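# Breakdown of the fold
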Amino acid sequence: MKKVYLRTFGCQMNEYDSERLLALLSGEYVPCQAPEEADLILINTCSVRRKAEEKVYSMAGRFKHLKARRPEIIIGICGCVAQQEGERLLKRFPHLDLVLGPQNIYRIREILEEIERTRRPQVRVEMESGFRPPVVVPSLDGKRPIKAQVTIMQGCDNFCSYCVVPYVRGREISRPPEDILREIECLVRQGVREVTLLGQNVNSYGKKEKGFPSFAELLRMVAEIPDLWRIRFTTSHPRDLSEDLMRAFAEVKKLCEHLHLPVQSGSNRILRRMNRGYTREEYLEKIRRLREICPEIALTTDIIVGFPGETEEDFAETLFLLEEVRYDEIFSFKYSDRPYARAREFPEKVPEEVKAERLSRVHTLQARITEEINRSYIGREVEVLVEGPSETRPELWTGRTRTNHVVNFSAPPGLDLKGALVYVFIKDTGKHSLRGEYRRTIQGP
Ligand code: SAH
Ligand code: SF4
Ligand code: F3S
């Protein structure tokens, strides 16, 4: 059997695509951990920030000597940088054999055959407007994974002014509900208990397609699948967060009480320039309503600091918003110019050192809030879906609460808790996790 070395960068959608690539290659290739051993090297890339893109180039450069030593090896770049750069990648890296856009991964087998036959590099970055990806379920034998993710829609139509995604992932297309349900059912039959539904803006699921359910309806359909215990989804666009979806958090028992709702900035002036389609007040009103419907919901968000024209006052508005909402966790980024994105033309770029300083202020503030929220768990009993032994401390078990907090906990020896739903009593907090003690099993693996 030949060997494939696959590296994945970027979002969960890329992780999903990588799993499909491995599934499509299985039978001919087995995954390996060292590029030196591989017959096929694939880098699945992300272009969302400049740093992500640069990482790909330095990695691609490093494989040049492998190709020189073993010309029969096939080296490919997949994903969003492949889509963005196309042919240009071959000019920059003459040792590449393959440039593969996200929509084209499903043809990997025939494309590899063509490379082997012709010994010519291939660039496959076409995008179709009505693209329907096939249902591909990775074989999970032996691995007993507890969680899985399923893409429910491709692309994005929002064109936030800083963002490259609509250009590299194309227009929004929802997958038919029957494909989604079939894929989840197959995963559940293999032992998966928690599924995360993926899309750049899941709230507009099915809006463009005739006869499709809404996202809230799709959630209710997924919740009907027996032996599936937990459902999560990401990402939701604040503008399209509907009352119906908010109610699902109270009504759909399997839906976990966590919402990732990227706000990006607390300043109305910046939000407008970002083309986000909501104001700070509208965003806060949705949060208020959501907490009224589901008081225990945990919230996380994405923040961009140093968007072109962001003043100290604009930035202060972001800090106030973080104080006001009190997110469980945030992901914060320094703005960087991206190809095609409109904001690259905006003047008044914020200097790097100002961005770095703002980012560190955001980190300091959020670290305090996260710690306070974590502490509020001490003395409580929480439901945890056990993923397995902790990687760093194998004597502890690890899993997540419904609110998506990581919990490491001790249990009496001899119990095999992997895949079980248990109650854990929280006794302490770590930097990014909660610590506790096993109490009892709700449902066995
Ligand atoms: N679809 C999701 C997010 C996709 S990208 C949404 O609508 O929120 C993930 C995050 O990367 C974004 O939320 C944003 O915070 C960040 N990001 C995107 N483009 C960026 C850029 N040019 N510079 C810095 N951060 C960026
Ligand atoms: Fe990018 Fe905006 Fe689409 Fe998210 S919603 S992927 S930030 S354009
Ligand atoms: Fe990156 Fe593409 Fe995802 S740009 S964030 S891998 S959609």
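Above this note sits the structure.
None of these values were measured; they are calculated from a predicted model.

Considering only enclosed or pocket space, the second largest pocket measures out at about 540 Å³ in volume. The wall of the second largest pocket is formed by 20 residues, among which Glu19, Pro138, Ser139, Leu140 and Lys143 lie closest to the centre. For the lining of the second largest pocket, the elements supplying multiple residues, two or more each, are helix 1 (12–25), strand 2 (29–31) and strand 7 (147–151). In terms of residues, the lining of the second largest pocket owes the most to one element, helix 1, which gives 4 residues. Taken together, the residues that form the lining of the second largest pocket break down as 11 nonpolar, 4 polar and 5 charged.

The next subject is empty space enclosed by the protein. Unoccupied space between atoms shows up once a probe the size of one water molecule is rolled over them. In total, this model carries 2 cavities of 30 Å³ or more according to the counting rule given. By volume, the largest cavity is sized at about 60 Å³. Lining of the largest cavity is provided by Met13, Asp17, Pro102, Tyr106, Phe131, Thr151, Gln154, Gly155 and Arg169. Across the lining of the largest cavity, the residue classes break down as 4 nonpolar, 3 polar and 2 charged. Split by domain, the residues of the lining of the largest cavity number at least three in each of domain 1 (2–124) and domain 2 (147–375). Computed from the structure, the second largest cavity encloses a volume of approximately 30 Å³.

This part covers the site of ligand 3. Around ligand 3, a shell composed of Cys11, Asn14, Cys46, Ser47, Val48, Cys80, Arg169 and Gln200 is seen. Residue composition of the shell around ligand 3, grouped by class: 4 nonpolar, 3 polar and 1 charged.

Reading across from one edge, 12-13-14 is the order of the 3 strands in this open sheet, with parallel pairing throughout. Among the strands making up the open sheet, the edge pair consists of strand 12 (258–260) and strand 14 (329–334). Each strand axis lies, on average, 10° off the axis of its neighbour in the sheet, ignoring direction. Note that strand 12 and strand 13 (residues 298–305) share 3 bridges and pair parallel. Residue pairing for strand 13: His258 is matched across the bridge by Ala298.

What counts, and where the lines are drawn
- Residues numbered from 1 in each chain as written.
- Chains lettered and ligands numbered in written order.
- Predicted model: local features only at pLDDT ≥ 70, side-chain atom pairs only at ≥ 80, totals over all residues.
- Heavy atoms only, no water.
- 1 Å grid on protein atoms, 1.4 Å probe; cavity = no way out; pocket = protein on both sides within 12 Å on 5 of 7 lines; lining within 4 Å.
- Points joined across faces, edges and corners; volume = space filled by probe spheres on them.
- Helix = DSSP H or I, 4+ residues; strand = E, 2+ residues; numbered from the N terminus.
- Nonpolar A, V, L, I, M, F, W, Y, C, P; charged D, E, K, R; others polar.
- Domains from an automatic or database assignment.
- Near = heavy atom within 4 Å.
- Pairing = 2+ DSSP bridges.
- Axes fitted to C-alpha atoms, helices over the stretch in contact; angles between N-to-C directions.

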